[in-house]
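Residue strings, one per chain:
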Amino acid sequence: TLRGEITFDIYGPIHDSERDYWNRCQRIIDSLPSNIRASHCGFVEPDQVTEVLQNYDAFFMPTLNENYGHSIMEAFSAGLPVVISDQTPWQSLREKGVGWDVPLDRPDEFVSVLQDLVDMDEPEYRDMSEAAKRFGDEEAASQNITDDYRNMFDSDMND
């Protein structure tokens, strides 16, 4: 069990086809200890994502699979350390000082990492946040260069 006051805000639409799954999630949310609050905050317009993310201390997404994970990249760019599963291309995050990629079959490790975040002192958190922001900026610049090369080669092939 996590110690400290914890808030999990969940963003995104809930489609009719996902209603049964969401109902199971809601039952879990309703059974959380009183120090952990979780709530669904709905859909965020794409141009508001960075602003919304900047209201938080970390990004938590123990996803089953991500090809790239644009939301993870947005979290880095907002300066958020991330706690994600190891089922994304984003790996070795602890070594990079920008977050954690945790195996899904290790729920105890997720709890431990989240507790580390809760217990982190301000200077340590600030360092991690700044590293996440730098990492996000570097990845975005690298992606832009890759896109530029791809566009250049595509235009050369079409000439």
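Residues numbered from 1 in each chain as written. Predicted model: local features only at pLDDT ≥ 70, side-chain atom pairs only at ≥ 80, totals over all residues. Heavy atoms only, no water.

### Here we look at a negative patch on the surface
A cluster of like negative charges, contributed by Asp116, Asp121, Glu124, Asp127 and Glu130, occupies part of the molecular surface. Counting residues per element, the negative patch draws most heavily on helix 6 (residues 122–158), which supplies three residues. By secondary structure assignment, the location of aspartate 116 is in helix 5 (residues 107–119). Residue classification places aspartate 116 among the partly exposed positions, given a relative accessible area of 36%. (Patch = residues over 30% accessible without salt bridge, like charges linked within 9 Å, V, L, I, M, F, W, Y side chains within 5 Å. Areas by Shrake-Rupley, 256 points an atom, 1.4 Å probe, with all protein chains shown as cover. Salt bridge = Lys/Arg side-chain N within 4 Å of Asp/Glu carboxyl O. Lys, Arg positive; Asp, Glu negative; His and termini not counted. Charge placed at Lys NZ, Arg CZ, Asp CG, Glu CD. Helix = DSSP H or I, 4+ residues; strand = E, 2+ residues; numbered from the N terminus. Buried < 20%, exposed > 50% of the residue type's maximum accessible area, 1.4 Å probe, protein only.)

### A look at the confidence of the model for the protein chain
Predicted confidence across the protein chain gives a mean pLDDT of 91, with 90% of residues reaching 70 or more. The spread of mean pLDDT over the elements of the protein chain runs between helix 6, the lowest at 78, and strand 5 (residues 99–102), the highest at 98. (pLDDT = per-residue confidence, 0-100.)

### Observations concerning the environment of aspartate 57
Relative to the assigned elements, aspartate 57 resides in the loop between helix 2 (49–53) and strand 3 (59–61). Aspartate 57 gets classed as exposed once you look at its relative accessible area, which sits at 56%. On a C-alpha basis, the gap between aspartate 57 and valine 118 in space is 9.5 Å, while along the polypeptide they are 61 residues apart. When near neighbours in sequence (up to four residues on either side) are disregarded, aspartate 57 contacts Leu80, Pro81 and Tyr125. (Contact = heavy atoms within 4.5 Å.)

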